[in-house]
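# Coordinates in review
The chain contents come next:
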Amino acid sequence: MSENNQKILIVEDEPSLIFTLRDTLENEGFIVLTAEDGNQALEIVEESVPDLMILDVMLPGMSGFDVCKSLRDKKHTFPIIILTARDQEIDKVTGLNIGADDYITKPFGVKELLARIQARLRRSDDGNGAKNDVIDLGDTRLDLNASVVKRPDGDFELTTREVEVLRYLAEFPNEPVTRKSLLEHVWRYEHSTSTRTVDVHVSKLRSKIEMYPDDPKYLVTMHGVGYMLKIKNS
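Residues numbered from 1 in each chain as written. Predicted model: local features only at pLDDT ≥ 70, side-chain atom pairs only at ≥ 80, totals over all residues. Heavy atoms only, no water.

Under an unreviewed UniProt entry, the name given to the protein chain is Response regulator transcription factor, and the source organism is Natronogracilivirga saccharolytica.

### Some points on the packing of helix α6 (residues 160-170) against helix α8 (residues 195-209)
Interhelical geometry of α6 versus α8 gives an angle of 90° and a closest axis separation of 11 Å. If you check the angle between α6 and α8, you find them roughly perpendicular. Facing Arg161, Glu162, Val165 and Leu166 of α6, the residues of α8 in contact are His201, Lys204, Leu205, Lys208 and Ile209. For the contact of α6 with α8, a count of residues per class yields four nonpolar, one polar and four charged. (Axes fitted to C-alpha atoms, helices over the stretch in contact; angles between N-to-C directions. Helix = DSSP H or I, 4+ residues; strand = E, 2+ residues; numbered from the N terminus. Parallel < 35°, antiparallel > 145°, perpendicular 65-115°, else oblique. Contact = heavy atoms within 4.5 Å. Nonpolar A, V, L, I, M, F, W, Y, C, P; charged D, E, K, R; others polar.)

### Side note on the packing of aromatic side chains
Tallied over the entire structure, the rule returns one aromatic pair. A ring pair is formed by Tyr168 and Phe172, whose centres lie 5.3 Å apart and whose planes are at 65°; its orientation type is edge-to-face. With respect to burial, Tyr168 and Phe172 carry one shared label: buried. (Phe/Tyr/Trp six-rings, centres within 6.5 Å; stacked < 30°, edge-to-face > 60°. Buried < 20%, exposed > 50% of the residue type's maximum accessible area, 1.4 Å probe, protein only.)

### Here we look at the sheet that holds strand β12 (residues 226-229)
One open sheet accounts for three strands, arranged β10-β12-β11; its pairing is antiparallel. In this open sheet, the two strands that pair with only one neighbour each are β10 (177-178) and β11 (219-222). (Pairing = 2+ DSSP bridges.)

### Topic: helix α7 (residues 179-187)
For α7, the buried fraction is high: eight of the nine residues fall into the buried class. Those residues of α7 not exposed but buried are Arg179, Ser181, Leu182, Leu183, Glu184, His185, Val186 and Trp187. Phi turns positive, to about 55°, at Arg188, one or two residues after α7.

What follows is the structure in C-alpha cells.
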C-alpha cells in the first residue's frame, strides 16, 4: 500500500458498507473520511474538502440529492459518485442532472467502484479536467478546450456536444464505452434521444477526427457494445 494523500469522503448510513468501503480504499492508499448523514457531510466538506465523494442517495434527513445540489450551488467541483438502489433509473438521471459525475448501483463490486473512482480522479487531476483537454492521436490533435480538431489537412471545429462525447470517451481510454453510458452521461436522457442519436454524433465526429472515416483508427466501433477512443501510451 502506498499513501497518495487523496481524500475520499464516504456519505453512507449503513455501517457494514462504510466498513467495507473504508477498508478497501485505505488499502489502496486513500485517506478516508466518513459521514452518516447529509448535514455531517456538508460540515466535513467545509472543514476538509475531499478529492472525491461517494454519496448514497437514501440518507436520513437530507437526501443525497440535496447534498449534491447544495455542494454544486456552493461551487464545489470535486467528483461525486452517487450510490443508487437497484434499477432505480430515475435516481441515476436525477443525480446526473443535479451535478453528480457518475453513479454505481447497489450491490456493486469493489473492482468496479475502484475503476470508477480512478477514472474520476484522473479526470479532475488538475482541478478542472485540463488533463483531457488536449489529446494526441497520431498526427491528429484534439484540442477540446478550443473545440477544434487539428489535422495535417486542416482544422475542424467541434460542437459542444461533440466535445462532451470526446471528453467522456477519453475518461476510459482504450476501453469500450456503451451507447447507454454515453446517453446517460452526455445526453442525460434528454427528450427523444436514443442510441441512434449517439451513432449519428459519432459518425459526424469520425468525419472530423479520421482521415479515412470508413476505416477508423481512433474512434472505433465495438460491435454489440458501443465505442472506444484508442489513445496510445495511456
